[in-house]
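A closer look at the structure
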Amino acid sequence: MRDLIARTEKAVESVATLAIDTNITFKVDDIVDAVERALPAGYPDMATGEMTRRDLIARLVQEILSGEIYEEGA
């Protein structure tokens, strides 16, 4: 899970920088796509119940952007 968080943080930073440099607005799905494209073949799915890996990445993106992921006890 820590690896997926690190990969997602990297994608958030990359897309945020691109958004600032180009003045283009990106969506959470754009960041999810960037994370998924960068995952190596055979990367664990990590799907749990009704939540797909894309859902998990989207949730991570939202928590990173809001800062929730960095709050104590999160």
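Below, the structure is looked at part by part. Within each chain, residue numbers correspond to sequence positions counted from 1 in written order. Only residues with pLDDT of 70 or above have their local features reported here, since the model is predicted, and side-chain atom pairs are shown and tallied only from 80 upward, although totals for entire chains, interfaces and linings are computed over all residues. Excluded from the side-chain calculations are hydrogens and water; all other atoms, namely the structure's heavy atoms, are used.

1. Observations concerning helix 1 (residues 2–22)
Note the cut-off: Only DSSP runs of H or I with at least four residues qualify as helices, and only runs of E with at least two residues qualify as strands; both kinds are numbered from the N terminus onward. In a helix, the anticipated span is given by 1.5 Å times the number of residues less one. Only protein chains enter the area calculation, which uses a 1.4 Å probe; residues under 20% of their type maximum are buried, those over 50% are exposed, and those in between are partly exposed. Throughout, the arc means that of the directions going from the helix axis to the C-beta atoms. Residue contacts follow a heavy-atom distance rule, with two residues in contact if any of their heavy atoms lie within 4.5 Å.
The end-to-end C-alpha separation of helix 1 is 30 Å, in line with the 30 Å expected for 21 residues at 1.5 Å each. Three or more residues of helix 1 are buried, namely L4, T8, A11, V12 and V15. The arc enclosing the buried residues of helix 1, seen along the axis, measures out at 105°, which places them on a common side. Exposed positions of helix 1 whose direction lies more than 90 degrees from the buried face are R2, K10, E13, I20 and D21. The inward-facing, buried residues of helix 1 contact helix 2 (28–38) and helix 3 (53–66). Directly beyond the C-terminal end of helix 1, a positive phi value near 65° is found at N23.

2. Observations concerning the nonpolar core
Rule in force here: Within this scheme, the nonpolar core is defined by two criteria: the residues are buried Ala, Val, Leu, Ile, Met, Phe, Trp, Tyr or Cys, and they are joined through side-chain atoms within 4.5 Å.
Within the largest apolar cluster, 17 residues are counted, with the highest numbers of intra-cluster contacts made by L4, I31 and I57. Secondary-structure elements contributing two or more residues to this core are helix 1, helix 2 and helix 3. Of the residues forming this core, the biggest block, 6 residues, is contributed by helix 3. Here I31 is in contact with A11, V12, V15 and V61, once residues within four sequence places are set aside.

Everything listed here is a matter of geometry and, on its own, says nothing about what the molecule does.
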